[in-house]
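Residues per chain, in single letters:
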Amino acid sequence: MKIQIYGCRGSIPRPNPEMARYGGNTPCIEVVSSSRQCDSVDGGDCGRVGHRIILDLGSGAVDLGQKVMGEMFQAKKRQQAEQEIPNEGRGEEGGRSSITTSDGLDEVKVGEKEEPKRNNVKLAPQKFGGTILLTHTHWDHIQGLPFFVPLYLPQFEWTIYGPRGIAKSLQEILSGQMQHDYFPVRLGDMTSKTKYQGLCEDMEKGFWLEGDISTDCDHPTSSIKVTSKYLNHSVLTLGYKLEEFAQIPLPSTSNQLFRRKKRGVSMAYITDHEPFDHALANGGFTPRDPRKPNCTADQYHVQFFEDVDILVHDCQYLFSEYAPGSPTSKEYWGHSTVEYVVEVAFYANVKQLLLFHHDPQRSDDQMDDLLIYARELAVKLEEKCGGDKENVRLKVDAAKEGDTYDLDPYVFLDENDISIDGDVSESNGESIHHSNDDVSPPRSVNTGQQCVLLGFYESASGPIRDMLESTDNSPKVEVLQSRDELLHFAEQNHPSVIVLDNLLFGCTGFEFCKVIRTEMGEWGKNVPMLVIACPGEGQRARLTAERLNLDDFIQGPYSPSYLFTRIQVSLLRMPLRWRRAPLAENESERLATLQSTGLLDSLPEERFDRITRLAKAMFKVPISLVSLVDEDRQWFKSNQGLAGATETPRDYAFCSHAILTDDIMVVPDALQDERFADNPLVEGSPNIRFYAGCPIKASSCEDGSNKMPIGTLCVIDSKPRDLSEDERRALKDFGAMIEQELS
């Protein structure tokens, strides 16, 4: 594969003379698979390229687009020239005619009996386009898309992959920056044949991209396997690994197209990633012990790019700039330090590391200094491991615009593998690639319509059905009530997700799930299933759900939004990072105490508003609330900062978690918390990142004993942060002032 850097700057383009050597364009890398297919008529290279892969569409995509356009024009000229060379025995039927298309390009129209050949090798029609892999949709990684000219021409075919979200499709997100208010051309005005596919993490199976393969060709070709992994960033972000393998065409008498070598070349593209353990930003990574079954999140991250030939890794900061706890700290900004990156690359046995996503404030001279420092770190690691400092295993470079890197998969071909006439001898390390399964889609790419089976006897199916059917690539939704109907449909259709009331006609939800898990093979063992609890079902029912390996057992009131999100992540085979708070053991008594206060749905009162105003000012946050947790909602008795809002569903409420503890609950960064990352109040307005809540208790008796938590005093910010011990005590004091007003 040939790799070329078109943009390596992070955050924002910097057309600055002091940054010209490394470049000011935001991320964009071109990868082209190796092409060793045939020679042209005059004995030179045929001019065809392998499969083109573009990693991100930052501002560097503008120049790449111009290059792609130039290649298309050159290919058109070659195509026309080839048709002017007569073939033996062509005859009159093989003549050519020229037409001019709407874009002004000459196209050659070939007669039925005429097929382009080079050295008696029949060629497949050349295609223009390729694959675009987006790591995420932050602006600096997609801002070149509206200016990428090949997306505007019908001659091109593109498939754009990116992280598959829950609320919006990839296409909807990309169209946002091209709305009329921001850009004169809309995404729908692009006339290329473009498909959009959402991806999830897939570190094993992945999917295959083939080069421009000639038919009846006895020359080696290649294909690229793409795998993906979630990174640690402020939005859903994927890293990619590309592995290219040489493949040897087989004779036409074989029922296989080719054999693929097991050994190939590889690169990994990891941008916008922060260490999971922030302490590792200053080094100290420990490689995984193979004797232990578990590993840390950072060890799992390193496992993804072990042994690659080239690792392109986000390296925006020095640890002195990352500086946790300082006023200018870059902690939680979603980027890595040079200390972390060199260390993980070294222990992953990477051959060459390219520092990437350069800080927009870093000049060329400062980049030179950073590179020298990174190389010194690699030398120290080599010495630490008993190696020779003059022969460091890890080569460290910094990405520069225009730099190219070549990785040749054909170096692993043995001379004995292919004879002159194309016969293949037995090989020592090849995998057989069959013609009927040569391109396997990733798990997250849906090759057919997905199906959701709703077994609703008591629950209303209308709201959730409407939400599912209104989504992009909406699944088929089937609603049934009886045991026999449900089992028959499940056996015949193998739905993607099953959602059940635990009370059905003819059986319980648990009994139905047991049949699915034990009597319907591999599909039944793995299909995601969710059961909605009957009123009063408690710990015993939850243990039953765990034994049946259910994806969720939903107790208590729930919102349609929660169930919709739960089904969506099950369809994507993603973990749900939004957990509803369990009900308190004395929930009935707690609700009775709340009702007895007379506060619910009452008018605003200055005695409470005064306290929330003070808390908002003292903690320097945009939002401060007195939130009361009712049976199916949280209702705001006092609201500073959420204009017009009076309540949310209970399963949205951070406060429903906070009332379960006697101490204050602090969430420094909701996006890093498995309970809240997919919560609508985090993904959307008010974009909660920081939360701190102090439980508020009221007495259920006249003598003041037996206090019950009825809600919280909470402070909220859209930026991650934490509370000092003094601030925690102050929040408790404000909570005590609220309780004093209730007494």
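Residues numbered from 1 in each chain as written. Predicted model: local features only at pLDDT ≥ 70, side-chain atom pairs only at ≥ 80, totals over all residues. Heavy atoms only, no water.

Quick look at helix α12 (residues 560-571) now. Working note: α-helix, 3.6 residues per turn, so residues spaced by three or four point in the same direction. Helix length check: α12, at 12 residues, gives a terminal C-alpha distance of 16 Å against a target of 16 Å (1.5 Å per residue), a fit within 8%. Burial analysis of α12 places 10 of its 12 residues in the buried class, which makes it a mostly covered element. When α12 is considered as a whole, its buried residues turn out to be Y562, L563, F564, T565, R566, I567, Q568, V569, S570 and L571. Structurally, α12 contributes buried residues whose contacts are with β21 (451-455), α7 (462-469), β23 (497-501), β24 (529-532) and β25 (552-554). (Helix = DSSP H or I, 4+ residues; strand = E, 2+ residues; numbered from the N terminus. Expected span 1.5 Å × (residues − 1). Buried < 20%, exposed > 50% of the residue type's maximum accessible area, 1.4 Å probe, protein only. Contact = heavy atoms within 4.5 Å.)

A few words on the packing of helix α14 (residues 606-619) against helix α17 (residues 725-742). For the pair α14 and α17, interaxial distance at closest approach is 10 Å and the crossing angle is 175 degrees. As judged from the angle between their axes, α14 and α17 are roughly antiparallel. Two secondary-structure elements touch here, α14 through R607, F608, I611, L614, A615, M618 and F619 and α17 through E727, A730, L731, F734, M737, I738, E741 and L742. (Axes fitted to C-alpha atoms, helices over the stretch in contact; angles between N-to-C directions. Parallel < 35°, antiparallel > 145°, perpendicular 65-115°, else oblique.)

Okay, helix α9 (residues 509-519) next. Buried residues of α9: G509, F510, F512, C513, V515, I516 and R517, and no others. Backbone geometry just after α9 places G521 at a positive phi near 65 degrees.

Within a sheet, each strand pairs with its neighbour through backbone hydrogen bonds, oriented either parallel or antiparallel. Strand order across the open sheet formed by 7 strands is β10-β9-β8-β3-β2-β1-β19, with mixed pairing between neighbours. The open sheet has two edge strands, β10 (193-199) and β19 (404-406), and neither has a second partner. Taking the axes of each pair of neighbouring strands and ignoring which way they run, one obtains an average angle of 20 degrees across the sheet. Sheet topology places strand β8 (residues 128-133) next to strand β9 (residues 156-163); 6 bridges connect them, and they run parallel. Directly across from G129, in β9, lies its bridge partner E157. (Pairing = 2+ DSSP bridges.)

Glancing now at the pattern of salt bridges. Summed over all chains, the structure comprises 29 salt bridges. One salt bridge connects R607 with E605, and the closest N-O pair in it is separated by 2.8 Å. Relative accessible area serves as the criterion here: at 28%, R607 is assigned to the partly exposed category. Through salt bridges with shared partners, one network takes in E30, R52, K67 and E71. (Salt bridge = Lys/Arg side-chain N within 4 Å of Asp/Glu carboxyl O.)

With that settled, consider unusual backbone geometry. Positioned with a positive phi, D307 is a non-glycine residue whose angle comes to about 70 degrees. Among the secondary structure elements, D307 is positioned in the loop between α3 (297-304) and β16 (310-314). By relative accessible area, which is 43% here, D307 ends up partly exposed. Positive phi outside glycine occurs at D601, with the angle close to 60 degrees. Turning to its location among the elements, D601 is positioned in the loop between α13 (587-597) and α14.

Our focus in this paragraph is the packing of aromatic side chains. Both the distance between ring centres and the angle between the ring planes are used here to describe each pair of aromatic rings. Evaluation of the coordinates by the stated rule reveals 15 aromatic pairs. Above the ring of Y22, the side-chain terminus of K400 is found at 5.0 Å from the ring centroid. R721 extends its terminal NZ or CZ atom over the ring of F690, reaching a point 5.0 Å from the ring centre. (Phe/Tyr/Trp six-rings, centres within 6.5 Å; stacked < 30°, edge-to-face > 60°. Lys NZ or Arg CZ within 6 Å of the ring centre and 35° of its normal.)

Let us now look at the sheet that holds β25. Taken in spatial order, the 5 strands line up as β22-β21-β23-β24-β25 in an open sheet, and their pairing is parallel. The open sheet terminates on both sides in strands that have one partner only, identified here as β22 (476-480) and β25. Here the strands of the sheet are splayed against their neighbours by 15 degrees on average, with no regard to which way each runs.

Mapped onto the elements of the fold, G402 is located in the loop between β18 (395-398) and β19. For the pair G402 and Y22, spaced 380 residues apart in the sequence, the C-alpha separation amounts to 8.9 Å.

Relative to the elements of secondary structure, K330 occurs in the loop between α4 (319-322) and α5 (338-347). For the buried K330, which has no salt bridge, the nearest side chain bearing the opposite charge is D359, at an N-O separation of 6.3 Å. At a separation of 3.1 Å, a polar atom in the side chain of K330 contacts the main-chain carbonyl oxygen of T328. K330 has contacts with E274, Y317, E321 and Y322, leaving out every residue within four places of it along the chain. (Lys, Arg positive; Asp, Glu negative; His and termini not counted. Polar contact = N/O pair within 3.5 Å; in protein donor to acceptor, adjacent residues only side chain to side chain.)

Honestly, that's just the spatial picture; any functional story needs more than this.
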